[in-house]
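Residues per chain, in single letters:
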Amino acid sequence: TMQQPSEINDDLLRAWKLKKMLDALDQMKGHQTSLISLFISPSTQIPRINSLITEGLGSASCIKQTKTRNNVQEALRSIQARVKMFRQIPENGVVIYCGVCTEDDGRERKMVELVEPPKPVSHFQYLCDSRFHTEALRKMLNTEPTYGY
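A few points on the structure.

Definitions and cut-offs
- Residues numbered from 1 in each chain as written.
- Predicted model: local features only at pLDDT ≥ 70, side-chain atom pairs only at ≥ 80, totals over all residues.
- Heavy atoms only, no water.
- Salt bridge = Lys/Arg side-chain N within 4 Å of Asp/Glu carboxyl O.
- Helix = DSSP H or I, 4+ residues; strand = E, 2+ residues; numbered from the N terminus.
- Buried < 20%, exposed > 50% of the residue type's maximum accessible area, 1.4 Å probe, protein only.
- Phe/Tyr/Trp six-rings, centres within 6.5 Å; stacked < 30°, edge-to-face > 60°.
- Lys NZ or Arg CZ within 6 Å of the ring centre and 35° of its normal.

**Comments concerning the pattern of salt bridges**
- Under the criterion given, the structure shown has 8 salt bridges.
- Among the salt bridges present, the one from Lys110 reaches Glu74, with a minimum N-O distance of 3.9 Å. You can see Lys110 sitting in strand β4 (residues 108-115) and its partner Glu74 sitting in helix α3 (residues 66-84), a full 36 residues away along the chain.
- Under the relative-accessibility criterion, Lys110 is labelled partly exposed at 44%.
- The partly exposed category is assigned to Glu74, whose relative accessible area is 34%.
- Connected via shared salt-bridge partners are Lys19, Asp23, Asp26 and Arg138.

Here you go:
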């Protein structure tokens, strides 16, 4: 089926907004492993997500460094609250970025982004790092056909 010009423009705008968001996420830094990137495929059951978050909270309590432990636990609780609002997982799944980011001036701010990807998330993935993992979403953006003159 041919897309109408307005649909193409909507798709281009969504892709542009997503790219801008990913660029911003790539600039963010966290303390040790306190930034969480959570990839939820459309087939993932919500109770499974909740039990994995509960498990993560248990594991996080073993983190020796207080600041990192508190940041990870706060991020997981934040994700847990967001997941509770889902009646069902969106058609392409969802990616959640959450954590306490350190600004260039040293100040910290809590950040949560929920992203509905342009293509289906292939599998469930939970990553804790000092950065957000945006590569999979970038790949989804780069697989669009290109037209030249």
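**Remarks on the packing of aromatic side chains**
- Within the structure shown, the criterion is met by 2 aromatic pairs.
- Aromatic side chains Tyr97 and Phe132 sit 5.5 Å apart centroid to centroid with 75° between the ring planes, which places their arrangement in the edge-to-face category. Of this pair, Tyr97 sits in strand β3 (residues 94-102) while Phe132 sits in the loop between β5 (125-129) and α4 (135-142), and the two are 35 residues apart along the sequence. Just as Tyr97 is buried, Phe132 falls in that class too.
- Connected via pairs of aromatic rings, a cluster forms that spans Phe39, Tyr97 and Phe132.
- Above the plane of the ring of Phe124 lies Arg48, whose end atom (NZ or CZ) is 4.8 Å from the centre.

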